[in-house]
Structures are given as structure tokens and as C-alpha cells.
Amino acid sequence: MNNIKQGGSNTSQKPENNVNFTSAFYFQTPVWTAEAPIFLNNSIQVTNQYLKKSEKLLKDKIKNDPKWRKKIGDFGLSNHSENFSQDLKIKDLVQFIGQQSYEFLNWQGFNLQNHSLHFTEFWVQEFSKRGGGHHSAHVHWNQHVSGFYFLKCSDKTSYPIFHEPRSGAEITKLPLKNQSQITMGTSQVHYKPQPGTMIIFPGYVPHEFTVDPGLEPFRFIHFNIKAVETQISKQRSIHEFSKK
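Residues numbered from 1 in each chain as written. Predicted model: local features only at pLDDT ≥ 70, side-chain atom pairs only at ≥ 80, totals over all residues. Heavy atoms only, no water.

**Here we look at the side chain of E164**
Here is the rule: To qualify as a helix, a DSSP run of H or I must reach at least 4 residues; to qualify as a strand, a run of E must reach at least 2; elements of each kind are numbered from the N terminus. A simple rule labels every residue: compare its accessible area, found with a 1.4 Å probe on the protein chains alone, to the largest value its type can have, and call it buried under 20%, exposed over 50%, or partly exposed in between. Here a polar contact is taken to be a pair of N or O atoms separated by no more than 3.5 Å, where protein atoms must pair a possible hydrogen donor with a possible acceptor and residues adjacent in sequence count only if both atoms sit in side chains. Any pair of residues with heavy atoms lying within 4.5 Å of one another is described as a contacting pair.
Looking at where E164 falls in the secondary structure, it is placed in the loop between strand 6 (160-163) and helix 4 (167-171). A residue is classified by how much of its surface remains accessible, and E164, at 11% relative accessible area, is buried. For E164, the side chain forms a polar contact with the side chain of K173, separated by 3.0 Å. The contact partners of E164, leaving out residues within four places of it in the chain, are A169, E170, K173, T186, S187 and P206.

Structure representation (C-alpha cells):
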């Protein structure tokens, strides 16, 4: 080993007996993005009714808030609907997301032969027209796939930021040479969506939404999907049927 001298791939003249390394990349985090405007018009129409309902609930809630809160109304809040994945008027979008989520997991090498996918959450959100709407960094526990489908947005609205999901890598980060470039040391990335943009990512990835200025409408559907063992899924279905 005493004869081995240091030599890197950027060395112009290789020293005698130098060692060259090859690169391999493991433990990567995939994020899928696509433009799917085919579902846009129908999704906006369907979500209008759900937002109208949740807006009333939000206004009723604000009525019971302190006086200072009433003055600013829904500033900093988001209009958040109930789960509506079972609505037949949105079934084409739900089926498409389900199919793509299956492919997303299958493409990563997971064996789904004895699993079935289930929507655990599927709701629409619209940030306040007064501005200030946002979400701090978070994950949705015990989910395998998460994603967004953007209905109303522009370069003047909020946008999602994804954070480094590997805690060990995050706590040992070194300063970057150029923070404007996405490298293997990057700790967060953001996407600037347009209406019809769909993003699918692993459920363990922390994500947030920047503060919205309230200049233009910002609306999106957020969904979470869990892969459940088929036997468990069947037992649950039998149990639910027996109660009816």
C-alpha cells in the first residue's frame, strides 16, 4: 500500500500507481412530474362545490375567534375540503392517479403482488385571497405515495418545496460551493407548477408551501396513498360489509 499515490478524476497528470474510483448512486429519492391538463376543467368544476362548503365552515369558525383574528379574516389560512376520492364526478382523475402511483412504486422495484393501493386522503385546498397562506415542512405519516395536482396557480402564487428526507445526510451537510445549482449536496428543491401540473413523490419526503402573496388564486388537490397487504384489505372489506 505504500506505493499507492493519491490521484483523482480531475487530476491532469495521473501519478504513478494512482487509483481511479467509479461512481455509483444509491438511496436516491424519485420525484415524478407531468403536465396533465386533460383533467383540469372538470377538476375545477368539481372542487368548486367542495370549496364552497368548506369556506362556509371556515367563516363559521372565524366567528368564534378572538376580535383581532376576526379583523384579518382568513389571512394566512387555507380553505380545506373534506375527502372526496369517492366522488364519481372525479373518478377519471382518481383512477389515473391510482394507476400512476402503482407504476411509481413498481418502477422503484417494490413487489406489489400481494398489496393493493388505497387513497387515505384526497382533498382540495385554496389559499386565502388575503394572502399569507402557506404550509410549513411536514410529512404524512404511514403513507407510501403523496402528490399534488395543481388547478390554479401562476408565477405570482405559492409553490412547493421538497426537503432532504435522509435525516443522517441532513444533519451532516457541508456548505455548498454554489447554492443555485442542484447537486448531490442539495438539501431542498422547489417546483414552479402551472395549472395541470401533477407531482408524485414518496410519502416520506418532507414538503412545504411558500407563503402566498394573495395576488392570484392558488388551488391544488393533495392526495396520499397507502399500499395495504391484500389479505388485510380483504378482511377489512368483509368486516365492513358484515356491519351493513
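**A few points about the sheet that holds strand 9 (residues 207-209)**
Basically, it comes down to this: Any two strands between which DSSP finds at least two bridges are classified as paired. Helix axes are fitted to C-alpha atoms over the stretch in contact, other axes to C-alpha atoms as well, and angles between N-to-C directions run from 0 to 180 degrees.
Across the sheet, which stays open at both edges, the four strands sit in the order 4-9-6-7 with antiparallel pairing between neighbours. In the strand order of this sheet, the two ends are held by strand 4 (135-138) and strand 7 (188-190), each with one partner. The average undirected angle you get between the axes of adjacent strands in this sheet is 15 degrees. In this structure, strand 6 lies alongside strand 7, joined through three bridges in antiparallel fashion. Bridge pairing in strand 7 places I161 opposite H190.

**Quick look at the nonpolar core**
Note the cut-off: Only buried residues count toward a nonpolar core. Its members are Ala, Val, Leu, Ile, Met, Phe, Trp, Tyr and Cys residues joined through side-chain atoms within 4.5 Å.
Ranked by internal contacts, the top residues of the largest apolar core, which has 25 residues, are F84, L93, F122, Y149 and I221. In this structure, I199, F209, F218 and F220 belong to the second largest nonpolar core, which totals 11 residues.

**A few points about the pattern of salt bridges**
Here is the rule: Counted as salt bridges are all cases of a side-chain nitrogen of Lys or Arg within 4 Å of a carboxyl oxygen of Asp or Glu.
All chains considered together, the criterion is met by nine salt bridges. One salt bridge in this structure joins R130 and D74, with 3.6 Å as the shortest N-O distance. With R130 in the loop between strand 3 (115-127) and strand 4 and D74 in the loop between helix 2 (67-72) and strand 2 (78-80), this pair connects stretches of sequence that are 56 residues apart. Two residues, K173 and E164, come together in a salt bridge whose shortest N-O distance is 3.0 Å. For K173, a relative accessible area of 27% translates into the label partly exposed.

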